Amino acid sequence: MNYDVLVIGGGHAGCEAACAAANMGAKTCLVTMDMNKIAQMSCNPAVGGIAKGQIVREIDALGGQMGIVTDATAIQFRMLNRGKGPAMWSPRAQCDREKFIWKWREVLDNTENLDIWQDQAEELLVDNQYVTGVKTIWGVTLTAKSVIITAGTFLNGLMHIGRKQIAGGRIAEPAVTHLTDSITRHGIRSLRMKTGTPVRIDKRSVHFEDMERQPGEQDFHQFSYFGPHRQQPQLPCWTCYTNTEVHQTLKKGLPDSPLYNGQIQSIGPRYCPSIETKLVTFPDKEQHPLFLEPEGVDTNEMYLNGFSSSMPIEIQLEALRKIPALRDVRVYRPGYAIEYDFFDPTQLKHSLESKLIKGLFLAGQVNGTTGYEEAAGQGLVAGINAALHCNNSDPFVMNRDESYIGVLIDDLTTKGVDEPYRMFTSRAEYRILLRQDDADARLTERAHKIGLATTERLYHWREKKQHIAAIIDFCNNTPVKPKKVNEALEKLGTTPLQFGCKIADLVARPQLTLEAIATFMPELAETLQRPANRREEIAEAAEVKMKYKGYIEREKLVADKMHRLENIKIKGRFNYEDLHEISTEGRQKLARIDPETLAQASRIPGVSPSDINVLLVLLGR
């Protein structure tokens, strides 16, 4: 049982980590408690959303699997924020929960260099601050050069429904009770967090006539740049609202709510609050939206998004039946909350390797994040770096202007967390550079250099790149005469031309798209038809680059300036406790984080611009 890389936990982080390490040539073993629940979608069976969709596109561009698995099992797809600029566009898919699991099993089972071992890790094995493997509850010792912990919510997990508490990592699954202690004894700090999930509903008991239908989109968009288009039947979601009667019922259960009776001490996710938290935080609101979403094609089970709760079972049911569409509702199980251990992510390097134990990597919810996508992105990076560590190669690290995954990991390792971390577009200062349409442009060539993205994927990107360049070149150099286009321009609601221009000048107008211009310019239509595959995706990418050229170039200049600070290495160059020219808080934070670069130091909360200037002066000496 000797390996290069061990991955502990078969969730979204663990699956991406195991595939990445194995595909890079490392002999890898994925240790999971239940092979039938690999990549289980513990909460909503959906992938993507605001900023999260961009992360999945980045995973795919790097050669990860989440986008391919999602496209194969999606039962509804939508591109969110289409009314805003392309930096905000975010893909989201509702998936078939069971098909998602088995598609991942298919991927894992067909990955070379990868074994699966069904067992539970109980003890981390460390020798002289180097990780050597794990020991399981069945007494099996697995040794490795790198170990990745992706245990999700299982570490000392404790579930709550009303005043009832049951140990577990997920409903009907046991908690892992000793692994945390075997990690923290080496100086790694652990804390507690809380998350929750809603009731699951039998669709046969729902009055859909009292709900609003929410269909998906049927256009060309998908998650993978490389894989096939969506293959499953497409299903609608449904919306309705709570009301004052629902709220009154829930309020009478607050004394038995573990969130408000002192039973739960840890902090839950700010941006996905329970229904009881919404009532307390927004007492004047008379209604809250709810989204009823299918769990799959072949099941009656539905997920009630917006009704996460750990209230007593009878309160949850009584409140649900005050909603007209759910007046006769039957449920498969109630919502519940869960508390679990996580580890301080500021004790990690940007490679996600521990600063205290060489060869130990952590990814996913054990780093204080929430969400499948954030977990998968970390898992991919941890898997890459665990494989590189086995060969003593330089780590793979992405900058903040290179990917949302880079922003995520920099935020975790530099700022830490005091609540479950969730990615938003607002967290990225270079979000016009981190669009969902160009993740392959940013990342595929880098991933190929380290041996993760395949040569086939690289050639696919290069062919796409050539087609994009050809469209842009055509538009930049093809003249447009007013007499030929003014009538069409007026019909499209935009100002007619006074003088001739290039097609690119028309594309820059907010009212016009390449597709619209092509309807009255046959030569452009012919150019857009030349790619053999993914024509719409290529045209959209070219259009975004032309429309937002000025914004993109300006943001690149800002990012290039920040790179100067990124290139100034400071780790090991200062004894911060002796730098009395710096504020007390600045000294304490710098000593605790021990940043790699001056740019990272500048992002630490409590380190002021004047503190950075002092470091620059001292570096000059």
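Use the structure listed above.
The following refers to the structure shown. (Residues numbered from 1 in each chain as written. Predicted model: local features only at pLDDT ≥ 70, side-chain atom pairs only at ≥ 80, totals over all residues. Heavy atoms only, no water.)

### Points about the overall build of the protein chain
Operational definition: By the criteria applied, helices consist of DSSP H or I runs no shorter than four residues and strands consist of E runs no shorter than two, each listed in order from the N terminus. We take the radius of gyration over the C-alpha atoms and set the globule estimate at 2.2 Å times the residue count to the 0.38 power. For the exposure calls, accessible area comes from a 1.4 Å probe over protein chains only, and a residue counts as buried if that area is under 20% of its type's maximum, exposed if over 50%, partly exposed in between. In what follows, a contact means two residues having at least one pair of non-hydrogen atoms within 4.5 Å. Surface exposure here means Shrake-Rupley accessible area, sampled with a 1.4 Å probe, where a residue is shielded only by the protein chains that are shown. We treat Lys and Arg as the positive residues and Asp and Glu as the negative residues; His and chain ends play no part in the count. Taken as the charge centre is NZ of Lys, CZ of Arg, CG of Asp or CD of Glu, depending on the residue.
Secondary structure assignment for the protein chain yields 21 helices and 21 strands. The C-alpha radius of gyration of the protein chain comes to 26 Å, within 12% of the 25 Å expected for a compact globule of 621 residues. If one aligns the C-alpha atoms of the protein chain with their principal axes, the spans along those axes are about 80 × 75 × 50 Å. Considering the protein chain as a whole, with its 621 residues, one finds that 58% of them fall into the buried category. When contacts within the protein chain are restricted to residue pairs at least 6 apart in sequence, long-range pairs at least 24 apart make up 73% of them. Split by element, the accessible area of the protein chain, about 25900 Å² in all, is 50% carbon and sulfur. Once the 76 positive and 78 negative side-chain charges of the protein chain are each reduced to a mean point, those two points are 3 Å apart.

### A look at the layout of surface pockets
Using a probe with the size of a water molecule, rolled over the atoms, empty space left in the structure can be pinpointed. Our working definition: Think of a 1 Å grid over just the protein atoms. A cavity is a set of points where a 1.4 Å probe fits yet cannot get out, a pocket is an open set with protein on both sides within 12 Å along at least five of seven lines, and lining residues have an atom within 4 Å of a point. Grid points are joined across faces, edges and corners, and a volume is the space filled by probe spheres set on the points.
The calculated volume of the second largest pocket comes to roughly 830 Å³. At the level of secondary structure, the elements contributing two or more residues to the lining of the second largest pocket comprise α11 (439-449), α12 (455-477), α17 (535-547) and α18 (549-566).

### A short note on unusual backbone geometry
A positive phi angle, close to 70 degrees, is found at L352, a residue other than glycine. Since its relative accessible area comes to 0%, L352 is described here as buried. Located in the positive-phi region is N392, a residue other than glycine, with phi close to 55 degrees. By secondary structure assignment, the location of N392 is in the loop between α9 (372-390) and α10 (404-415). Residue N392 is classed as exposed on the basis of its relative accessible area, which comes to 72%.

### Here we look at the sheet that holds strand β3 (residues 46-48)
Under the convention used in this document: In this description, strands pair whenever DSSP reports at least two bridges between them. Lines are fitted to the C-alpha atoms to define the axes, a helix being fitted only along its stretch in contact, and any angle between axes, read from their N-to-C directions, falls within 0 to 180 degrees.
Read across the open sheet, the three strands follow the order β3-β5-β4; overall the sheet is antiparallel. What marks the edges here is a single partner per strand, and that holds for β3 and β4 (74-80). Ignoring which end each strand starts from, the neighbouring axes of this sheet average 15 degrees apart. Looking at chain direction, β3 and strand β5 (residues 90-95) are connected through three bridges and run antiparallel. Within the sheet, the bridge partner assigned to G48 lies in β5 and is R92. Sitting on the sheet, helix α3 (residues 66-73) is in contact with β3, β4 and β5, with an inclination near 115 degrees to β4.

### Quick word on the side chain of Q378
Stated precisely, the cut-off is as follows: As used in this structure description, the phrase polar contact means that two N or O atoms lie within 3.5 Å; if the pair is within protein, one of them must be able to donate a hydrogen and the other to accept it, and residues adjacent in sequence are counted only when both atoms belong to side chains.
Within the secondary structure, Q378 is located in helix α9. For Q378, a relative accessible area of 0% corresponds to the buried category. Side-chain polar atoms of Q378 contact the backbone nitrogen of G364, separated by 3.1 Å. Residue contacts for Q378: discarding those within four places in its chain leaves L352, A363, G364, N367, T369, L408 and L412.

### Considering α12
Operational definition: Working rule for helices: expected span equals 1.5 Å times residues minus one.
Its 23 residues give α12 an end-to-end C-alpha distance of 33 Å, which sits within 8% of 33 Å, the value for a rise of 1.5 Å per residue. Along α12, the positions that sit buried rather than exposed are R457, L458, W461, K464, I468, I471, I472, F474 and C475.

### Concerning the environment of M311
One can find M311 in the loop between β16 (301-308) and α8 (313-320). Between the C-alpha atoms of M311 and G335, which are 24 residues apart in sequence, the distance is 7.8 Å. For M311, the contacting residues outside a window of four places in its chain are I161, G162, L250, G253, L254, S257, E276 and Q316.

### As for the pattern of salt bridges
It is possible for side chains of opposite charge to pair when their charged atoms get near one another. To keep things clear, this is the line we draw: The rule for a salt bridge is simple: a side-chain nitrogen of Lys or Arg has to be within 4 Å of a carboxyl oxygen of Asp or Glu.
Within the structure shown, the criterion is met by 45 salt bridges. When the shortest N-O distance is used, the salt bridge between K322 and E318 registers 3.9 Å. With a relative accessible area of 29%, K322 lands in the partly exposed category. E318 sits in the partly exposed class, given a relative accessible area of 29%. A salt bridge links R435 to D438; the shortest N-O distance between them is 3.6 Å. A single network of salt bridges, built from pairs that share partners, joins R400, D410, D411, K415, E429, E566 and R603.

### Notes on the state of the cysteines
Put simply, the test is: We call a pair of cysteine sulfur atoms a disulfide when they lie within 2.5 Å.
Here the structure, examined in full by the defined rule, presents zero disulfides. Free cysteine C29: the closest other cysteine sulfur is in C15, separated by 13 Å. For C29, a relative accessible area of 0% puts it in the buried group. You can see C475 has no disulfide; the closest cysteine sulfur is in C501, sitting 11 Å from it.

### Considerations on the nonpolar core
Going by this rule: Among the buried residues, those of types Ala, Val, Leu, Ile, Met, Phe, Trp, Tyr and Cys that are joined through side-chain atoms within 4.5 Å form a nonpolar core.
Counting 99 residues, the largest nonpolar core has L6, I8, W104, V147 and L360 as its most contacted members. Considering every element that reaches this core, the biggest residue donor is α9, with eleven residues. Discounting residues that sit within four places of it in the chain, W104 has contacts with C15, E16, C19, I38, A39, Q65, M66 and V69. V480, C501, A504 and L506 belong to the second-largest nonpolar core, a separate cluster that totals 28 residues.

### Let's talk about the environment of Q287
Mapped onto the elements of the fold, Q287 is located in the loop between α7 (275-281) and β15 (289-294). Residue class for Q287 comes out partly exposed when judged on its relative accessible area of 42%. In sequence terms Q287 and N243 are 44 residues apart; their C-alpha atoms lie 4.9 Å from each other. What Q287 contacts, discounting residues up to four positions off in sequence, is Y241, T242 and H247.

### Structural notes on the packing of aromatic side chains
Two measures describe an aromatic ring pair: the distance that separates the ring centres and the angle between the ring planes. For clarity, the threshold we go by: Whether two aromatic rings pair depends on their centres lying within 6.5 Å, for rings of Phe, Tyr and Trp, where Trp uses its six-membered ring; planes under 30 degrees apart make the pair stacked, over 60 edge-to-face, and the rest tilted. The rule is short: NZ of Lys or CZ of Arg within 6 Å of the ring centre and within 35 degrees of the ring normal puts a charge over the ring.
Taken as a whole and assessed by the stated rule, the structure comprises five aromatic pairs. Taken together, a centroid distance of 5.7 Å and an interplanar angle of 75 degrees make the contact between F77 and F223 edge-to-face. Here F77, found in strand β4, pairs with F223, found in the loop between β13 (212-214) and β14 (237-241); they are 146 residues apart in sequence, far enough to count as distant. Across the pair, F223 and F77 agree in class, each one buried. With 4.8 Å between their ring centres and 50 degrees between their planes, F208 and W238 make a pair best called tilted. Highlighted residues: F208 in the loop between β12 (190-202) and β13 and W238 in strand β14, separated in sequence by 30 residues. Here F208 falls in the partly exposed class, since its relative accessible area comes to 23%. With a relative accessible area of 15%, W238 lands in the buried category. Here the basic side chain of K27 rests over the ring of Y3, its NZ or CZ set 5.2 Å away from the ring centre. Lying over the aromatic face of Y421, R427 brings its terminal NZ or CZ to 4.2 Å of the ring centre.

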